[in-house]
Every structure is written in structure tokens, then in C-alpha cells.
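# A structural walkthrough
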Amino acid sequence: MEIGFFGAAGTVTGSKFLVHDDGTRILVDCGMFQGFKELRELNWEDFPIDPKDLQAVVLTHAHLDHSGALPLLVKRGFKGTIYCTQPTLELTEIILLDSAKIQEEDAEYANKKGFSKHTPALALYTTEDVQKTLPMLKAVALHEEFQIGTLKICLYGSGHILGASSAWISNGEKSIYFSGDLGRNNDPLMPPPEPPQEADYIVMESTYGDRDHSPMSSKEILKQCILDVAKSRGVLLIPSFAVGRAQNLLFEITELKRDGEIPAQIPVYFNSPMGHEVAKLYEEFPHFHRLGPGQFAEVMSEIHSVKTAEDSKALNDDKSGPKIIIAASGMLTGGRVLHHLKAFGPDSRNVLLLAGFQSPGTRGHSLLNGAKEIKIHGLYVDINCKVVPSDSFSAHADRTDLMNWLKQAPKKPTKVFLVHGESTAADELRKRIDKELKWNVSVPRMNQIIST
């Protein structure tokens, strides 16, 4: 077997791993590159392999950096099947349609305002492209082995977000275990990841490979930020991924209110039509998270839904507080949250909570590093609000969690490959694995192909 590292090698985005065995070619994940411009530009380039030569894609979970390039793959000739869990199938449909819509709207807005360097500005892919992709998705159950050509595949729960999985792949002689994104053991909604299965090779994420999460809980940080805006009568703006993090935030804010730790009358506005669709899936798939049937519906009943663009604009026009606004995207790369940042970022009464990892090259990362002005829609916006960074909301396993997960492997693998991490994070984890476990471990380069 061969493994091709065509994304998420030396960076955290664009996950694409080719497994090639005796004429069978499958891709594990097909993600969009995000962050720095030079990474985003890779989305416009041809795939390093011909999509027509692929029999299938195994999708570990629905986040854009794992699923976002699927419409491009189909657009460029892929005719196979995309295998994933049922919740991932449902989430992927929501996420890809939203992604296409945002790209179309951003291109239209750029053309209207004339701030794009491209004439005309174009969407990477359209809603029509997504509609051609969705029928190729096929749900498989966790722990249920299936066959693609010469390869046997089985999915196992990885925590992280609803339906997320790790993938075991074998040709009968050798096996590879792809961790996908691993969740945390103490996530408020998701169960911990299942231990790795016996495999000759492990391909493991390393997003937080060089550090542990803050000992302060996400709920305590939320409490402090909310009490700050209650005192200043300001706005707490939380950029959030619409899948996973938004639901955790809503759940913990609701718990804080019910426990009397924050004023119950502070309104919470959830400005993400996609996020509302995702919330419904928590009721549909209770066996994939920690809550029981009906519990998440109770959380949503206490939230103000912002569904239309007009409602979103009205929220920006009303500068009164205190109030809480949660809107996508989590790294401030696009969406309605940018309009909120333009409206509330300049006011020192307000608080911007950066809840989780901010990829280099994003506006979130710039603010994390102290930027006092941010370019939005071609104009620079002053940021005078208080910026609170925190990794306590992350859905990723940290360094300790990653090491503990790896130590549960039933046998010593022939080799461990570290992916989905910035160079520093991946290399620090490599050194730790080498020191503590004495295992053969490396950080593959982008487009490297390794024979097992």
C-alpha cells in the first residue's frame, strides 16, 4: 500500500490522504484549504491525482477542512462513492450547501463593491456543484466493516463533533489507522474518542501537539465574559463554527443561566441558519452525544434565532446591551459575523471571545496576536473591544489527550505519521512520542507519497 499526503501535511487544513493498493485508490477526506492566501489558492489548483481514478472517498467528519473540496472533486470528474456515518452525511449536506451559498454571496458582494482583484470574482464552487455531490454520499454504521476494491474499511467514533470517526483500512496484509480529528475526553457534549484499533501504521492529527488546553474551563471563561458585558452594558460577540462549537456554547450558556451564575435576562442571539439546522440533528442522533432525547431542544427553546439577513442587520443597528451574539465563522473568515465585527468591534464596551483554534492567515489569528485593525470587505475596521482568546472551547484533543490516546494502541505500530498540525505543533509531538514511547514517527511533507 501507498499513502499520499496531499493535504494537512505541515498545516492544519485541506485534509486529503490517498490510499493506493493494487489498483484500488481511495481518498480519506477531501478538505478545503483555509488560512494563509497561499494555502487558499491551492483550492483553485488541479488535484495532484486524477479524480476519475478514485473509486471512493472515506469522509471522517463534516468540517470544511475535511469535506469542503468534495464538490471540486466531483466537478473535476470523480464518479465514486463517499462513505461516512449517517450524522456526517446529514451535516455534510448542510455545511456544503452553506459553503456554496457564502461563496456565491461573497463573490456577488465583491463584484457589487468592486474590492476584488478578480473581474469578475467567482465562487470556488456553486450550489449546483454541491447538488451534484450530495447523491454520492453513502452512510455506513460505526464498527461495520465494508469493502472497496482490495481494501477493507471500518469506522470508529472519534468524538470531536457529531458523527466524527476514525478510519481503519486494511488490504489483508497491512493496515492503516487514520485518527481523523480526535475529540476531548471532557467535551460537554461529545463522548471521548474510541482507542485506536490494531494497525501497522497510524496517521494522527497534531493540531494541539505542542500544548495543553487552559486549565480554566470553557464555562468559567464564558461566565467571566458575560459578567463583563453585563457590567458595561455591552455586547459579547462570539465567532463560532456552526457545527459543534456553537452547540457547546449554547448548552453551557443555558446551564450558566439555569444555575444562576449569570443574569437570566441577558438575551442570546444565535445568528446562523446553518447552526439551527445542525441543532436539529442533535435530537435526531442522541446516541452520538452525551445528552438524552429532547434535552438539546430545551436549550434551543431559550435562544433567539436570527434567520434572515434583515434580522442580522437589525441586530447590528441596535447597539444596546447587554446581549450575546454567536455567529459563524469561527475564525472570522466570512459570513455574518464579519458584519457584527464591523458594528461592535470599534466599541470598547464590547467583548470579542475567540473560542478556540485560530488558523494562521485568518482574521481570528491576527486578532489573537494583538491586531488593532482588521480588513473586512476591502476596508480596515478599528478593533477597540476587549479581545479574549481561549483554547478551552476547542473540540480537539490537546497534547496530553493525544499521547494518552496513542498509548492505548493494542500494539506498537511500524510507524506513526503526524498530520493536521502546524510545523511546530507536529514536530513537538513527534519529539514527545519518540522520547516517551520510542516509536518510529515522522511528519510527512505536502504531496509526499510513502510506500508501506
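If you're wondering where the values come from, they're calculated on a predicted model, not measured in any experiment.

One pass over the structure, following the stated rule, counts 16 salt bridges. Between Lys75 and Asp129 there is a salt bridge, with its nearest N and O atoms 3.6 Å apart. Of this pair, Lys75 sits in helix H3 (residues 70-75) while Asp129 sits in helix H5 (residues 127-133); the two residues are 54 residues apart in sequence, bridging distant segments of the chain.

Looking now at helix H6 (residues 218-232). For H6, built from 15 residues, the straight-helix expectation of 21 Å at 1.5 Å per residue is met to within 8% by its first-to-last C-alpha distance of 21 Å. For H6, the set of buried residues is Ser218, Ile221, Leu222, Cys225, Ile226 and Val229. Along the long axis of H6, the arc covered by the buried residues comes to 130 degrees, so they all point the same way. Those residues of H6 hidden inside the fold are in contact with strand S12 (235-239), helix H7 (245-258), strand S15 (323-327), strand S16 (351-355) and strand S19 (386-390).

It is worth spelling out a negative patch on the surface at this point. On the surface, Glu38, Glu41, Glu45 and Asp46 cluster together into a patch of negative charge. Here Glu41 is to be found in the loop between helix H1 (37-40) and strand S4 (56-58). Given a relative accessible area of 40%, Glu41 falls into the partly exposed group.

We now examine empty space enclosed by the protein. The tally for this structure, following the rule as stated, stands at two cavities of 30 Å³ or more. For the largest cavity, the calculated volume is near 90 Å³. In this structure, the largest cavity is lined by 15 residues; those nearest its centre are Phe17, Asp29, His66, Gly180 and Val419. For the lining of the largest cavity, the element with the most residues is strand S11 (residues 201-205), which contributes three residues. The residue inventory of the lining of the largest cavity, partitioned by class, reads six nonpolar, six polar and three charged. Of all the elements in the fold, those that place two or more residues in the lining of the second largest cavity are S12, helix H11 (337-344) and S16. Classifying every residue of the lining of the second largest cavity by side-chain character gives seven nonpolar, two polar and no charged.

As a further point, take the packing of aromatic side chains. Each aromatic ring pair is characterised by the separation of its centres together with the angle its planes make. A complete count under the given rule lists 10 aromatic pairs for this structure. Seen from their ring centres, Phe5 and Phe17 are 6.0 Å apart, and the 70 degrees between their planes marks the pair as edge-to-face. Here the residue Phe5 occupies a position in strand S1 (residues 2-5), and Phe17 occupies one in strand S2 (residues 17-21), the gap between them amounting to 12 residues. Judged on exposure class, the residue Phe5 and its partner Phe17 are both buried. Stacked on the ring of Phe344, the Lys or Arg Lys319 has its end atom at 5.8 Å from the ring centre.

The rules behind each value
- Residues numbered from 1 in each chain as written.
- Predicted model: local features only at pLDDT ≥ 70, side-chain atom pairs only at ≥ 80, totals over all residues.
- Heavy atoms only, no water.
- Salt bridge = Lys/Arg side-chain N within 4 Å of Asp/Glu carboxyl O.
- Helix = DSSP H or I, 4+ residues; strand = E, 2+ residues; numbered from the N terminus.
- Expected span 1.5 Å × (residues − 1).
- Buried < 20%, exposed > 50% of the residue type's maximum accessible area, 1.4 Å probe, protein only.
- Arc of directions from axis to C-beta.
- Contact = heavy atoms within 4.5 Å.
- Patch = residues over 30% accessible without salt bridge, like charges linked within 9 Å, V, L, I, M, F, W, Y side chains within 5 Å.
- Areas by Shrake-Rupley, 256 points an atom, 1.4 Å probe, with all protein chains shown as cover.
- Lys, Arg positive; Asp, Glu negative; His and termini not counted.
- Charge placed at Lys NZ, Arg CZ, Asp CG, Glu CD.
- 1 Å grid on protein atoms, 1.4 Å probe; cavity = no way out; pocket = protein on both sides within 12 Å on 5 of 7 lines; lining within 4 Å.
- Points joined across faces, edges and corners; volume = space filled by probe spheres on them.
- Nonpolar A, V, L, I, M, F, W, Y, C, P; charged D, E, K, R; others polar.
- Phe/Tyr/Trp six-rings, centres within 6.5 Å; stacked < 30°, edge-to-face > 60°.
- Lys NZ or Arg CZ within 6 Å of the ring centre and 35° of its normal.

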